[in-house]
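# Structural features, examined
Residues per chain, in single letters:
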Amino acid sequence: MRSPVDLWVYLSTSPLIWLTLTICTWIGAVELSVRLKRNPLVNPVMTSIIVLSAVMTVFHIPYEKFFAGAQFVHFLLGPATVAIAIPLYQQWDEVKKVLAPIGVALVVGSVVAVLSVIALGWLVGLPRDVLISFLPKSATAGVAMAISSSLGGNPSLTAVLVILTGIIGALIVTPMMNRMGIRDYAARGFAVGLTSHGIGTARAYDVDPTAGLFAGIAMALNAIATSIIVPLAARLLLGS
């Protein structure tokens, strides 16, 4: 009869063990979040990252080996990115009523997100490739990584920054909006979706359905806006 250690060594050679572990970790993280009444400090994405990173560190698992199994989840990133247009289509009649303020918020938010990164990058002297990797951080991961790669950035670094941006946004959005006295859930949702993409949108749905709807719309629109603004900014300000 094999010992647990021998069994683990055997299973760890199969890529599917990492897919299974990723899915089980996510389910557990969501359950923990629900039990703690959706406390932002136990955001499922952040919890999953901590748990999986700890497992990889303790068992000395190279990222490449982990990704060999988890790539099946990664494959779904493309279809999920395309699917973010569905809420916009389904709620188009409602969106049309606030099209003007949404358009202004979208342009201002997207431009400020990019220009603030460039300003801070110049201030601290970031290398050009690192700075480019930072630029699309507020877009959803699939779009951000594609933009970064096309401009000569590091897509892996961009992915990390996208996740950090989303987690930070999900953590601070509710207390920040409360302190600012913003009670309109459409405005709250649009703001978090614009800046914190999918992770922020998931948090918005936890708070209120209307907030979630407008967060999803903002995420979809910002993916388009970022894909236009970032290359222009890189060309005009960074000489790309």
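Note that the coordinates shown come from a computational prediction; the quantities given were computed from them, not determined experimentally. (Residues numbered from 1 in each chain as written. Predicted model: local features only at pLDDT ≥ 70, side-chain atom pairs only at ≥ 80, totals over all residues. Heavy atoms only, no water.)

## Quick notes on the overall build of the protein chain
Each helix and strand counted, the protein chain has 13 helices and 0 strands in total. In the protein chain, the succession of helices and strands from N to C terminus is α-α-α-α-α-α-α-α-α-α-α-α-α. Over its C-alpha trace the protein chain gives a radius of gyration of 19 Å, about what one expects of a compact globule, namely 18 Å for 240 residues. By its C-alpha atoms, the protein chain is 70 × 45 × 30 Å across when sized along the principal axes. Taking all 240 residues of the protein chain together, 41% fall into the buried category. (Helix = DSSP H or I, 4+ residues; strand = E, 2+ residues; numbered from the N terminus. Rg over C-alpha atoms; globule rule 2.2 N^0.38 Å. Buried < 20%, exposed > 50% of the residue type's maximum accessible area, 1.4 Å probe, protein only.)

## Brief notes about the nonpolar core
As a rule of thumb, soluble globular proteins bury nonpolar side chains together. The biggest cluster of nonpolar side chains holds 30 residues, and the ones touching the most others in it are V114, L135, F190, F214 and I217. Where this core is concerned, the elements lending two or more residues are α8 (99–124), α9 (128–134), α10 (141–150), α12 (185–207) and α13 (209–237). The element best represented in this core is α13, accounting for 11 residues. (Core = buried A, V, L, I, M, F, W, Y, C linked by side-chain atoms within 4.5 Å.)

## Considerations on the environment of T20
Mapped onto the elements of the fold, T20 is located in helix α2 (residues 16–35). For the pair formed by T20 and V51, sequence separation is 31 residues and the distance between their alpha carbons is 14 Å.

## Observations concerning the side chain of S33
Among the secondary structure elements, S33 is positioned in helix α2. For S33, a relative accessible area of 2% translates into the label buried. Leave out the neighbours within four places in its chain, and S33 touches R38, N39, V42 and P44. (Contact = heavy atoms within 4.5 Å.)

Distances and angles like these do not, on their own, reveal function.
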